[in-house]
Amino acid sequence: MNFEYFLAKRLIKGEAHKISISAPIIKIAIAAIALGVVMMLITISTGIGLKYKIREKVAAFNGHIQISSYDNNASDVSVMPVSLNQDFYPEFKDVDGIDHVQAVASKAGIIRTETTFEGVIAKGVGSDYNWSVFEEYLVDGKLPNYSGDLNEEVLMSELMANRLDLKTGDTFYSFFLKDGDVSKLPNQRKFKITGLYDSGFEEFDGLYLFTDIRHIQHMNKWGDDQVGNFEVFLNNFDDIDEKSKEIYGKTLSTLDTQTIVNKYYKIFEWISLFDFNIILIIGIVIIVSGFNMITALLVLILERTQMIGILKALGSANWSIRKVFLYNASYLIGVGLLWGNIIGLGAIYLQDKFQILKFPNPKEYYIDYVPVHIDFITVLILNIGVLVLCIVMLLVPSYIITKITPVKAIKFE
């Protein structure tokens, strides 16, 4: 029999424990642990959720890695064509972890209506384009279909449509320069809006218009086997740097690779700060929770001073008595963790399901609601970490037991 565990269990379950002076302090300590766990779970889930959501949106417009000619690297517009006949297209078999490869081409232009005009980048896509990433952003109409003959269908952002006073089903004219030469009459194209999207990313929504890639090829006088660049989607975003190097080594020397992390480094520098904020908040909460448990443990020791004296008089070692109170404190921490997980995970589930919390200014976060993301491993590590750190913090105050003498302790009132 584990004597220390047995004694700690009797202390916890005893009626005297429930009506003792320390009972309110213990409840406060448990509530502090539970509240701390709730705060940590929400901090982690919202921080990671926001980071994942933002990088998903950036990837939806650009892919994770872009393969292009060196001349196209610093521009959103396709300058030099790349042959469609590549070993890595349509499937990149030489590198593991690649989900999809698609060919695109972009061209700058102007949309002109009777009342206003708007500068755009027409992004030409083909039948290989992965529209699934845009399904959740579609707010009206349908996604265009470019698998058949060349057509006038385009996907426009709701933001751009509002600026131009257009809606789904409307037609409009757009103008594109010929080879960048302003002295020549521009190419004119008539398009029809088949659907409107809203990603919440104003930097992209106010710029990109999705059209058939064959329009771009014809205006640029490219062949059917020539495109602007390739967009590569990965199975795991965390492998982006490693896969970028692998892809670069497997492509022709005339082609370059660029990750969205490098292309939009300001955005990714910003979201990298989320990790620091999460660690800072978790550290503060653990320290506060630990000090609450230290207070509760000291009260428990003070309340059980006579019991400590009797145990010492009967020959119990200091470490044995300290273990009794550490077992007791571990139980209280465990209760706090249990309630914290129930409340915290419940709140995360409700937010994920019903999107209750909204951002007051969605433009600053590129999304109108607070996204959440949590996984079992993260929850497990968090709980084990809180339990271990709190117990370690309790080792120091439990040392006071060694200073208690049996004679004085038995007389203590």
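Just so it is clear, the model here is predicted, and its values are computed rather than measured.

*Asks:* Looking at this model, I keep getting lost on the overall build of the protein. Mind explaining?
*Replies:* A tally of helices and strands in the protein yields 14 helices and 12 strands. In terms of overall dimensions, the protein is more spread out than a globule: its C-alpha atoms have a radius of gyration of 31 Å, far above the 22 Å expected for 413 residues. With the principal axes as the frame, the protein shows a C-alpha extent of 105 × 45 × 35 Å. The burial tally for the protein puts 48% of its 413 residues in the buried class.

*Asks:* Which parts of the structure should I look at to understand the packing of aromatic side chains?
*Replies:* The description of an aromatic ring pair uses the distance of the two centres, along with the angle that the planes make with each other. Scanning the model with the defined rule gives 28 aromatic pairs in all. Positioned above the aromatic ring of tyrosine 208, the side-chain terminus of lysine 123 is 5.8 Å from the ring centre.

*Asks:* I would appreciate a short explanation of a negative patch on the surface in the present structure.
*Replies:* Where like charges cluster on the molecular surface, the negative patch consists of Asp140, Glu158, Asp198 and Asp368. Residue class for aspartate 198 comes out partly exposed when judged on its relative accessible area of 35%.

*Asks:* I'm lost on the pairing of strand β11 (residues 229–234) in this one. Help?
*Replies:* The element β11 is extensively covered by neighbouring structure, given that six of its six residues are classed as buried. Going residue by residue along β11, you find Asn229, Glu231 and Phe233 tucked away on one face and Phe230, Val232 and Leu234 tucked away on the opposite face as well. Note that strand β1 (residues 65–69) and β11 share four bridges and pair antiparallel. The residue of β11 that forms the bridge with isoleucine 65 is valine 232. With six bridges connecting them, strand β3 (residues 98–112) and β11 associate as antiparallel partners. Across the sheet, the residue bridging to histidine 100 is phenylalanine 233, located in β11.

*Asks:* Would you mind going over unusual backbone geometry with me for this structure?
*Replies:* Excluding glycine, residues mostly carry a negative phi; peptide bonds, for their part, are mostly trans. That bond from tyrosine 89 to proline 90 is cis: its omega, 5°, falls within 30 degrees of zero. Relative to the elements of secondary structure, proline 90 occurs in the loop between β2 (82–83) and β3. Look at aspartate 165: it is not a glycine, yet its phi comes out positive at around 60°. Its location among the elements puts aspartate 165 in the loop between α4 (158–164) and β7 (171–176). Overall, the relative accessible area of 66% leaves aspartate 165 in the exposed class. One non-glycine residue, tyrosine 366, lies in positive phi territory at about 65°. Among the structural elements, tyrosine 366 can be located in the loop between α12 (362–365) and α13 (376–398). Using a relative accessible area of 18% as the deciding quantity, one classes tyrosine 366 as buried.

*Asks:* I keep staring at the pattern of salt bridges and nothing clicks. Help me out?
*Replies:* When their charged atoms lie close together, side chains carrying opposite charge are able to pair. One pass over the full model with this rule turns up nine salt bridges. A salt bridge links glutamate 202 to arginine 163; the nearest nitrogen and oxygen atoms lie 3.8 Å apart. With glutamate 202 in helix α5 (residues 202–205) and arginine 163 in helix α4, this pair connects stretches of sequence that are 39 residues apart. Taking relative accessible area as the criterion, glutamate 202 reaches 34% and is therefore assigned partly exposed. One salt bridge connects arginine 214 with aspartate 212, and the closest N-O pair in it is separated by 2.7 Å. In this structure arginine 214 comes out as partly exposed when scored by relative accessible area, which is 22%.

*Asks:* Explain the side chain of arginine 322 to me, please; I cannot follow it from the model alone.
*Replies:* One can find arginine 322 in helix α11 (residues 318–354). The side chain of arginine 322 sits in the buried core without any salt bridge; glutamate 4 is the nearest counter-charge, 11 Å away.

*Asks:* Sorry, what's going on with the packing of helix α3 (residues 23–62) against α13 here?
*Replies:* The angle between the axes and the distance between the axes are what describe a pair of packed helices. Closest axis-to-axis distance for the α3/α13 pair is 11 Å, and the angle between their directions is 140°. Both α3 and α13 take part in a crossing whose hand is right-handed. Only Thr378, Val379, Leu382, Val386 and Cys390 of α13 make contact with α3, whose side of the interface consists of Ile33, Met40, Leu41 and Ile44.

*Asks:* Explanation requested: a nonpolar patch on the surface in the structure shown.
*Replies:* A cluster of nonpolar side chains, contributed by Trp319, Phe376, Ile377, Leu380, Ile381, Ile384, Val388, Val392 and Leu395, occupies part of the molecular surface with about 880 Å² of accessible area. No other element matches the eight residues that α13 contributes to the nonpolar patch. For leucine 380, a relative accessible area of 39% translates into the label partly exposed.

*Asks:* I would appreciate a short explanation of the environment of phenylalanine 3 in the present structure.
*Replies:* Along the chain, phenylalanine 3 turns up in helix α1 (residues 3–13). Sequence separation of phenylalanine 3 and glycine 148 is 145 residues, and the distance between their C-alpha atoms is 79 Å.

What counts as what
Residues numbered from 1 in each chain as written. Predicted model: local features only at pLDDT ≥ 70, side-chain atom pairs only at ≥ 80, totals over all residues. Heavy atoms only, no water. Helix = DSSP H or I, 4+ residues; strand = E, 2+ residues; numbered from the N terminus. Rg over C-alpha atoms; globule rule 2.2 N^0.38 Å. Buried < 20%, exposed > 50% of the residue type's maximum accessible area, 1.4 Å probe, protein only. Phe/Tyr/Trp six-rings, centres within 6.5 Å; stacked < 30°, edge-to-face > 60°. Lys NZ or Arg CZ within 6 Å of the ring centre and 35° of its normal. Patch = residues over 30% accessible without salt bridge, like charges linked within 9 Å, V, L, I, M, F, W, Y side chains within 5 Å. Areas by Shrake-Rupley, 256 points an atom, 1.4 Å probe, with all protein chains shown as cover. Salt bridge = Lys/Arg side-chain N within 4 Å of Asp/Glu carboxyl O. Lys, Arg positive; Asp, Glu negative; His and termini not counted. Charge placed at Lys NZ, Arg CZ, Asp CG, Glu CD. Pairing = 2+ DSSP bridges. Axes fitted to C-alpha atoms, helices over the stretch in contact; angles between N-to-C directions. Left-handed = near helix turned anticlockwise from the far one by under 90°. Contact = heavy atoms within 4.5 Å.

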